[in-house]
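Overview (structure and organization)
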Amino acid sequence: MKISVVSPLHDEAENVTALVTEIGEACAGLPDFEVVLVDDGSRDETAALVRKMQADRPWLRLVQHARAGGQSAAVH
């Protein structure tokens with residue numbers, strides 16, 4: 001990958017679709033990119049929504065933590 005966009009998420013079901021859409025639009029002209037979303041122990045539908053979006057976005061990755069470790073842990 002030439003460009004990796006990494007974003008931690010925690011209980012972001014209301015916002016994750018807009019986030020992925022906007023990042024995808026911003027990176028659309030790039031030859032090689034990925035978006036890595038780190039679900040930091042969300043208790044809502046954040047991970048399920050990301051998995052659904054992966055069906056038509058091959059550049060979208062999901063990393064899940066079983067429990068919240070905080071923003072720093074999610075980025076690492």
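Above: the structure in question.
One structure accompanies this document, and this report is about it. Keep in mind that what you see is a predicted model, and the values were worked out from it rather than measured. (Residues numbered from 1 in each chain as written. Predicted model: local features only at pLDDT ≥ 70, side-chain atom pairs only at ≥ 80, totals over all residues. Heavy atoms only, no water.)

A few points about helix α1 (residues 16-27)
Rules: For the purposes of this entry, the term helix denotes a DSSP run of H or I that reaches at least four residues, the term strand denotes a run of E that reaches at least two, and both are numbered from the N terminus. An expected span of 1.5 Å times one less than the residue number is assigned to each helix. Between two residues, a contact is recorded if the distance between any of their heavy atoms is within 4.5 Å.
For α1, which comprises 12 residues, the first-to-last C-alpha distance of 16 Å matches the rise-based estimate of 16 Å (1.5 Å per residue) to within 8%. In this structure, the buried side of α1 is in contact with β1 (3-9), β2 (33-40), α2 (46-54) and β3 (60-65).

A look at the sheet that holds β2
Selection rule: Strands pair, by our definition, only if DSSP identifies at least two bridges between them. For every element, the axis is a line fit to its C-alpha atoms; helices are fit only across the contacting stretch, and the angle between N-to-C directions ranges from 0 to 180 degrees.
Ordered in space as β1-β2-β3, the three strands form an open sheet in which the pairing is parallel. Of all the strands in the sheet, the pair left with one neighbour each is β1 and β3. Taken over all neighbouring pairs, the strand axes of this sheet differ in orientation by 20 degrees on average, direction set aside. Bridge analysis of β1 against β2 gives seven bridges, and the strand direction is parallel. Residue Val 6 lies in a different strand from β2, and its bridge partner there is Val 36. Lying over the sheet, α2 contacts β1, β2 and β3, oriented at roughly 155 degrees with respect to β3.

Section: unusual backbone geometry
Threshold: Partly exposed residues are those whose accessible area sits between 20% and 50% of the maximum for their type, while under 20% is buried and over 50% is exposed, using a 1.4 Å probe and protein chains only.
Notably, Asp 11 is not glycine yet its phi reads approximately 50 degrees, a positive angle. Structurally, the position occupied by Asp 11 is in the loop between β1 and α1. On the accessibility criterion, Asp 11 (26% relative accessible area) is partly exposed.

A look at the nonpolar core
The test is simple: Take the buried Ala, Val, Leu, Ile, Met, Phe, Trp, Tyr and Cys residues and link them wherever side-chain atoms come within 4.5 Å; each set so joined is a nonpolar core.
Formed by Leu 9, Val 16, Val 20, Ile 23, Cys 27, Phe 33, Val 35, Leu 37, Val 50, Met 53, Trp 59 and Leu 60, the largest nonpolar core amounts to 12 residues. Those elements that place two or more of their residues in this core are α1, β2 and α2. What Leu 37 contacts, discounting residues up to four positions off in sequence, is Ser 7, Leu 9, Val 16, Leu 19, Val 20, Val 50, Leu 60, Arg 61, Leu 62 and Val 63.

Examining the packing of aromatic side chains
Put simply, the test is: By convention, a stacked pair of Phe, Tyr or Trp rings (six-membered ring in the case of Trp) has centres within 6.5 Å and planes under 30 degrees apart, an edge-to-face pair has planes over 60 apart, and any other such pair is tilted.
Under the definition given, this model contains one aromatic pair. Ring geometry for Phe 33 versus Trp 59: centroids 5.2 Å apart, planes at 40 degrees, classification tilted. You can see Phe 33 sitting in strand β2 and its partner Trp 59 sitting in the loop between α2 and β3, a full 26 residues away along the chain. Residue Phe 33 shares its accessibility class with Trp 59, and that shared class is buried.

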